[in-house]
Amino acid sequence: MSAALEIRNVHKSFGPREVLKGVDLTIGSGGVVAVLGPSGSGKSTLLRAINHLERPDLGYVALHGELIGVEVRGERLHELPPRAVRRQRTRIGFVAQSFNLFANLTARDNVAEPLVAHRRLDRAAARERAVELLAKVGLGDRGDAYPRHLSGGQQQRVAIARALALEPDLVLFDEPTSALDPELVGEVLSVIRQLADSGATMVIVTHEIGFAREVADDVVFIDGGVIVEQGPPSQVLDNPRQTRTREFLARVL
Ligand code: ADP
Ligand code: MG
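Residues numbered from 1 in each chain as written. Chains lettered and ligands numbered in written order. Predicted model: local features only at pLDDT ≥ 70, side-chain atom pairs only at ≥ 80, totals over all residues.

*Asks:* Describe the overall build of the protein, naming the residues involved and giving the relevant values.
*Replies:* Along the backbone of the protein there are 9 helices and 12 strands. With respect to the three principal axes, the spread of C-alpha positions in the protein is 50 × 45 × 35 Å. The burial tally for the protein puts 44% of its 253 residues in the buried class. Of all intrachain contacts in the protein linking residues separated by at least 6 positions in sequence, the fraction that spans at least 24 positions is 62%. (Helix = DSSP H or I, 4+ residues; strand = E, 2+ residues; numbered from the N terminus. Buried ≥ 20, exposed ≤ 12 C-beta atoms within 10 Å, placed from the backbone. Contact = placed C-beta atoms within 7 Å.)

Shown next as structure tokens:
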């Protein structure tokens, strides 16, 4: 069986600045990987490359064996046609730091939107499904609310419900709690934890070390565009081998 997610030798530069310098990472089906690292180390760029929002300069990303990045065959770079890229992207859920909900749509319609756009459900069926998804994140009774009437934690839970609407093979979280007031972090982490327990394959960029220890099968420490250290939480978080990992953990813990 192929890995759920396979990242091979991904390089990405912005102008003269090489932000990813050859990243390799494999996640099995149902695997949960927490990505830690200092600001500017390339974490978001890596997630964006996985989601095909950034095109790798070299290397590739494959989801269940199907390429979603560019492939290197000899010297030539092959890119997937735009339709295939769009199809692949519907198989990946993405939850950003800032909730990115449509302000002019209710919670229910925010969640229904991808179902209408990509599954061609009629609006009534999409809304019905959206309410089920909202119930999963504890917001079954808030479908009529507009984002501005929801707390940050509730908005982020709506964003998670929306990311799950198309039953993605992979869910990416980019610092899902860093924009939240401290008292709202717990409710969002608990929804993510539930999702991990339900067998979802996930990559979570987070500074919540305790949470990473609890939910991740593997922790990846990235610095300067390379994976410095990777392994189970008991190793990377409790007995890091690399000085850079130790120094980072000492700063954030
Ligand atoms: P992290 O998420 O670990 O904080 P990022 O992946 O966001 O780091 O960014 C890594 C580096 O790449 C930063 O120096 C950032 O300024 C730079 N960068 C990211 N995206 C772009 C872009 N679109 N254009 C130019 N530089 C970028
Ligand atoms: Mg980032």
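*Asks:* Account for the site of ligand 1, naming residues and giving values.
*Replies:* In the vicinity of ligand 1, the contacting residues are Phe14, Val19, Gly37, Ser39, Gly40, Ser41, Gly42, Lys43, Ser44 and Thr45. Within the shell around ligand 1, the residues separate by chemical class into 2 nonpolar, 7 polar and 1 charged. (Near = placed C-beta within 6 Å. Nonpolar A, V, L, I, M, F, W, Y, C, P; charged D, E, K, R; others polar.)

*Asks:* So what about helix 3 (residues 107-118)? Which residues, and what values?
*Replies:* Every buried residue of helix 3 is listed here: Ala107, Arg108, Asp109, Asn110, Val111, Ala112, Pro114 and Leu115. One or two steps after helix 3, the chain reaches Arg120, where phi turns positive at roughly 55 degrees.

*Asks:* So what's going on with the pairing of strand 12 (residues 226-231)? Residues and values would help.
*Replies:* Sheet topology places strand 11 (residues 218-223) next to strand 12; 5 bridges connect them, and they run antiparallel. Residue pairing across strands places Asp223 opposite Val226, the latter belonging to strand 12. Hairpin connection between strand 11 and strand 12: a loop of 2 residues separates the two successive antiparallel strands, and Gly224 in this loop has a positive phi of roughly 60 degrees. (Pairing = 2+ DSSP bridges.)

*Asks:* Tell me about unusual backbone geometry, residues and numbers included.
*Replies:* Unlike most non-glycine residues, Arg120 shows phi in positive territory, near 55 degrees. Inspection of the secondary structure puts Arg120 in the loop between helix 3 and helix 4 (123-136). Using a count of 9 C-beta atoms within 10 Å as the deciding quantity, one classes Arg120 as exposed. Look at Glu167: it is not a glycine, yet its phi comes out positive at around 50 degrees. Residue classification places Glu167 among the exposed positions, given that 11 C-beta atoms sit within 10 Å.

*Asks:* Report on the environment of Ala145, specifying residues and quantitative values.
*Replies:* On the secondary structure map, Ala145 appears in the loop between helix 4 and helix 5 (152-164). The class for Ala145 is partly exposed, based on 17 C-beta atoms found within 10 Å. Separated by 30 residues in the primary sequence, Ala145 and Leu115 place their C-alpha atoms 19 Å from one another. Look past the residues within four positions of Ala145 in its chain and what remains in contact with it is Thr106, Ala107 and Leu150.

*Asks:* I'd love a proper account of the packing of helix 3 against helix 4, names of residues and values included.
*Replies:* Where helix 3 contacts helix 4, the two axes come as close as 8 Å, and the packing angle between them is 120 degrees. In terms of their interaxial angle, helix 3 and helix 4 are classed as oblique. For the pair helix 3 and helix 4, the sense of crossing is right-handed. Facing Ala107, Arg108, Val111, Ala112, Leu115 and Val116 of helix 3, the residues of helix 4 in contact are Arg123, Ala126, Arg127, Arg129, Ala130, Val131, Leu133 and Leu134. For the contact of helix 3 with helix 4, the residue count by class is 10 nonpolar, no polar and 4 charged. (Axes fitted to C-alpha atoms, helices over the stretch in contact; angles between N-to-C directions. Parallel < 35°, antiparallel > 145°, perpendicular 65-115°, else oblique. Left-handed = near helix turned anticlockwise from the far one by under 90°.)

*Asks:* Let's hear about the environment of His207: which residues, and what values?
*Replies:* For His207, the position within the fold is in the loop between strand 10 (202-205) and helix 7 (209-215). Along the primary structure His207 and Pro232 are separated by 25 residues, whereas in three dimensions their C-alpha atoms are 16 Å apart. Sequence-distant contacts of His207, defined by excluding residues within four places in its chain, comprise Glu175, Ser178 and Val252.

*Asks:* Before we move on, can you summarise the sheet that holds strand 1 (residues 5-14) with the specific residues and values?
*Replies:* Pairing between the strands of a sheet is mediated by backbone hydrogen bonds and can be parallel or antiparallel. Strands sit in the order 2-1-4-5 across an open sheet of 4 strands; the sheet is antiparallel. Unpaired on one side and paired on the other, strand 2 (17-27) and strand 5 (66-67) mark the two borders of the sheet.

*Asks:* Describe in detail the sheet that holds strand 9 (residues 170-174), supporting the description with residues and values.
*Replies:* Spatially, the 6 strands line up as an open sheet ordered 8-9-10-3-11-12, and their pairing is mixed. Each edge of the open sheet carries a strand with a single partner, namely strand 8 (92-95) and strand 12. The sheet shows a mean angle of 15 degrees between the axes of neighbouring strands, direction not considered. Across the sheet, helix 1 (residues 43-50) lies against strand 3 (32-36), strand 9, strand 10 and strand 11, angled at about 155 degrees from strand 10, the strand it touches most. Where helix 6 (residues 182-197) meets the sheet, it contacts strand 3, strand 9 and strand 10, and its direction lies at approximately 155 degrees from that of strand 10.

Note that every value here comes from positions in space, so none of it alone points to a role or purpose.
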